[in-house]
Amino acid sequence: MAALKPSERMKIPRQPMPEQEPAQRAANFQEVNCGYSAEAASTEACRCLQCKDAKCVGGCPVNIDIPGFVDALADGDLSRAADILFADNVLPGITGRVCPQETQCEAVCVRAKKGTPVGIGYMERFVADWARQHRKDLFEPPTPTGFRVAVVGSGPGGLTCAGELAKRGHAVTVFEALHIPGGVLVYGIPEFRLPKAIVHAEVETLRRRGVEIVTDVVIGQTYTIHELMKGEGYHAVFVANGAGLPVFQGIPGENLKGVYSANEFLTRVNLMGAYRFGETDTPVIKASQIVVVGGGNTAMDSVRTARRLGASPATLVYRRSREEMPARVEEVKHAEEEGVVFRMLCNPLEVLGDDKGWVSGVRCIRMELGDPDASGRRRPVPIPGSEFEIPCQVFIEAIGTKANPLLTQTTPGLQTNKWGNIVVDDNNMTSIPGVFAGGDIVRGGATVILAMGDGKHAAAAIHQYLTTGCSGNGRAKLNAVP
Amino acid sequence: MFTVQEAQWLTPKVRRLLVRAPRVARSHRPGHFVIVRVHEGGERIPLTIANSDNEAGTITLIIQVVGATTEKLCALDAGESIANVVGPLGRPTEIENFGHAVLVGGGVGTAVIYPQAGALRAAGNRVTAIIGGRSREYVILEAELGAHCDEVFPCTDDGSYGYHGFVTARLKELIEERRDVGAVLTAGPVPMMRALAGVTRPFGIKTIASLNPVMVDGTGMCGGCRVTVDGKMKFACVDGPEFDAHTVDFAELTDRLSTYRDQEALAWNRLHEFTEAGAAARCKMRELEEAATGGRPL
Ligand SMILES: Cc1cc2nc3c(=O)[nH]c(=O)nc-3n(C[C@H](O)[C@H](O)[C@H](O)COP(=O)(O)OP(=O)(O)OC[C@H]3O[C@@H](n4cnc5c(N)ncnc54)[C@H](O)[C@@H]3O)c2cc1C
Ligand code: FES
């Protein structure tokens, strides 16, 4: 393939992702994207110009050697492609599906300047899926170091850190509050976007590599961080307990029956399997009409999930315009194809209820875009007198989350900022020596790949802290030696 | 997996399980609860930790059959296990010396006040318990409470045992008789707690109620357990479950508790009519009930 000239490569059109038909998929929970065929994957790989100074690598938060794995894929050497990919990213089957490639690697692809970028995410997914099916986990157990590390939370941040530490021979225990590991990957992101079997397979790989995962333990309640380090004998801790508490808008009617936070709605459906109520025991309110407020991935996942549970219309209300929606572009497109109704530039004022305390609708006001705010986005301002009502029986709020204080409150000396997020230094170490943190609890609601990046970075810092007695900046001395 | 080490019926519909859960037992304080999932595919429900034994690594759960999940739990016998038990959750009871502390438990709510009794006693309180049930066989933990309380007053709606009447009426009499009640801590059905707040309010007695909203995760992540206290939204699993009863919006709590009534009825019917597992569980329930009640009909 190396024989192809750049001009020939330029002629190849971007290979489309095969998808389930919109009408069909709007009624099931199977994955929307079906994945590239081997042929499509290698054709797409040939579109890559193999830039010397590949901008895409810098666009990736974990700096995957993108030209490297794409070149191997173009050569048909899937095994090599997988090696390159896994060297930088332990969960490519997940990030290939949920990363916002359009604002990261693909945004800076030279081919995006004139036409469409190379389908990096689609190829990443292809290679990861191939590896999961065809490759044995060739893992050489490292020499145990004798150090023990506790990881709090089994989302992408915690899992990545655990995997990286295990590679270096440390004994890692991941403590997870819920009954299944995976964090947002299992309770938030729906099956139709990220099949749970993929997350479970990744978790199994970590287990085979010696990572111990203990569910049903809430750090801050079952053990404090202090108890982990003193009584339980862990030499370091990585905290990745995620973003946590859902934010409610504070409008009247929010406690009516039929109002959910997106977290509750998605947890009931995804983690607890309420869409199979009958086979499973957790209920979710069925509604013929639902309204979701928000513009991010969480809002999109909620409205598409509601659609699959039979809502018609399933309406998305967002106070800015479509261009400002933080959700992945592909999700917005998919939602629209599935018949989700978008009501842009309007904001809920009140949830309306019937005389039995059930939601009957939501009263909204239209907005227009004014001057830019602190985030640089134009601030939406209400248009007086433009109120209107949308009938619905379920109203879902997906307007964000704030830091969960459960762990930070019970950890004296752990510094947090005014939003309650944990403060860390360049090495992801907190104000407590030996306690590191990353992911959403540090960044506020962010992304899977950023949480993974933190996990990886922290693992390197923890390794240094354990083996040299101080983290990168020399601030902290380790006093316990195994 | 969390093994059930002992199981026995306390009343025809209330069962006590001794469950091995060393991590929970070691951090348990009065007021804490756990969330359990009986089996794969099961729902997550909150249950008060009625007692714990750190040395033995066990906790005691007292469960009333009110729906499909509690029925499945109560069908468990010693040697069987519960898929998941997470905790201890919630904030522990704020134990102070109130002088004379009165604990009021209705039905299985008595399981909540039981661990509080010992802690309040240890903090120097005079401790009185008022516990209620429909009739004699529904009054639980009287002897156990007796070991930690200065006085225990059982009450029955039908007068078959103890005081004839509601716990609220007995409480009012006690407050008027003694005039030294410093605080009331209560747990039980929402209408009872609501009425009780009405009894203590005119006296200005500090009253703490343990709330029981629907929960999912128990860690503050979903907001499903939200209640209105003093006009503000609180998440019962992390901010509570105990709140100042005089400022709790009980009407809203009652209403929200009815959210899944239809689905619960479906699940109940399914357990009882449609599945083999349901039939087996029902059979077993009957046997166990018969054993517990000596064959008396319910
Ligand atoms: C619905 C939804 C859709 C999303 N879609 C995308 C997307 O498409 N692409 C993308 O990049 N990002 C997406 N995100 C954001 C992304 O999921 C998060 O940024 C990422 O999961 C953060 O990872 P984390 O490891 O920090 O924490 P989390 O994934 O939140 O995991 C934290 C884990 O810690 C556990 N935990 C919490 N407290 C404790 C405790 N005290 N003790 C023990 N365990 C505890 C939690 O139960 C949880 O399992 C989405 C988020 C949501 C909610
Ligand atoms: S049960 Fe989910 S926040 Fe309380």
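One can find the structure itself at the top, above this paragraph.
Conventions and cut-offs
Residues numbered from 1 in each chain as written. Chains lettered and ligands numbered in written order. Predicted model: local features only at pLDDT ≥ 70, side-chain atom pairs only at ≥ 80, totals over all residues. Heavy atoms only, no water. Pairing = 2+ DSSP bridges. Helix = DSSP H or I, 4+ residues; strand = E, 2+ residues; numbered from the N terminus. Axes fitted to C-alpha atoms, helices over the stretch in contact; angles between N-to-C directions. Core = buried A, V, L, I, M, F, W, Y, C linked by side-chain atoms within 4.5 Å. Buried < 20%, exposed > 50% of the residue type's maximum accessible area, 1.4 Å probe, protein only. Phe/Tyr/Trp six-rings, centres within 6.5 Å; stacked < 30°, edge-to-face > 60°. Expected span 1.5 Å × (residues − 1). Bend = angle between axes of the 7 residues up to and from the residue. Contact = heavy atoms within 4.5 Å.

Draft legend 1. Representation of the sheet that holds strand 3 (residues 33-37) of chain B in the model. Residue and element names in this part refer to chain B. As summarised here, the arrangement of the three strands in space is 4-3-8, forming an open sheet in which the pairing is antiparallel. The open sheet has two edge strands with one neighbour each: strand 4 (44-48) and strand 8 (84-89). Direction aside, neighbouring strands of the sheet carry axes that sit 25 degrees apart on average. Examined bridge by bridge, strand 3 and strand 4 share five bridges and lie antiparallel to one another. Looking across to strand 4, one finds that Ile35 is bridged to Pro46.

Draft legend 2. How the structure looks around the nonpolar core. Judged by nonpolar contacts, the single largest core of 81 residues is most densely connected at Ile66, Phe69, Ile94, Val127 and Ile462 of chain A. Take this core: its biggest share by element is nine residues, from helix 19 (residues 448-468) of chain A.

Draft legend 3. Structural view of the packing of aromatic side chains. Residues and elements named next belong to chain A. On inspection of all chains with the given rule, the structure shows eight aromatic pairs over all chains. Between Phe175 and Tyr223, the ring centres sit 6.0 Å apart and the planes meet at 55 degrees, which makes this aromatic pair tilted. Here Phe175 is found in strand 2 (residues 171-175), whereas its partner Tyr223 is found in the loop between strand 3 (212-214) and helix 13 (225-229), with 48 residues between them in sequence. On the accessibility criterion, Phe175 (3% relative accessible area) is buried. A relative accessible area of 5% places Tyr223 in the buried class. Ring geometry for Tyr260 versus Phe265: centroids 5.8 Å apart, planes at 45 degrees, classification tilted. Judged on exposure class, the residue Tyr260 and its partner Phe265 are both buried. One aromatic cluster in this structure is built from Phe29, Phe192 and Tyr275.

Draft legend 4. How the structure looks around helix 3 (residues 110-122) of chain B. Residue and element names in this part refer to chain B. Between the first and last C-alpha of helix 3 there are 19 Å, a value that for 13 residues agrees with the 18 Å anticipated at 1.5 Å per step. Approximately 25 degrees is the largest bend angle found in helix 3, and it occurs at Gln116. All of the buried residues in helix 3 are Thr110, Ala111, Val112, Ile113, Tyr114, Pro115, Gln116, Ala117 and Leu120. Gly124 occupies a position one or two residues after helix 3 and carries a positive phi of about 100 degrees.

Draft legend 5. Molecular detail of the environment of Arg343 of chain A. Residue and element names in this part refer to chain A. Here Arg343 is to be found in strand 9 (residues 341-344). Sequence-wise, Arg343 and Arg320 are 23 residues apart; in three dimensions their C-alpha atoms are separated by 9.8 Å. In this structure, Arg343 is in contact with Thr315, Leu316, Val317, Tyr318, Arg366, Phe388 and Ile390, ignoring residues within four places of it in sequence.

Honestly, that's just the spatial picture; any functional story needs more than this.
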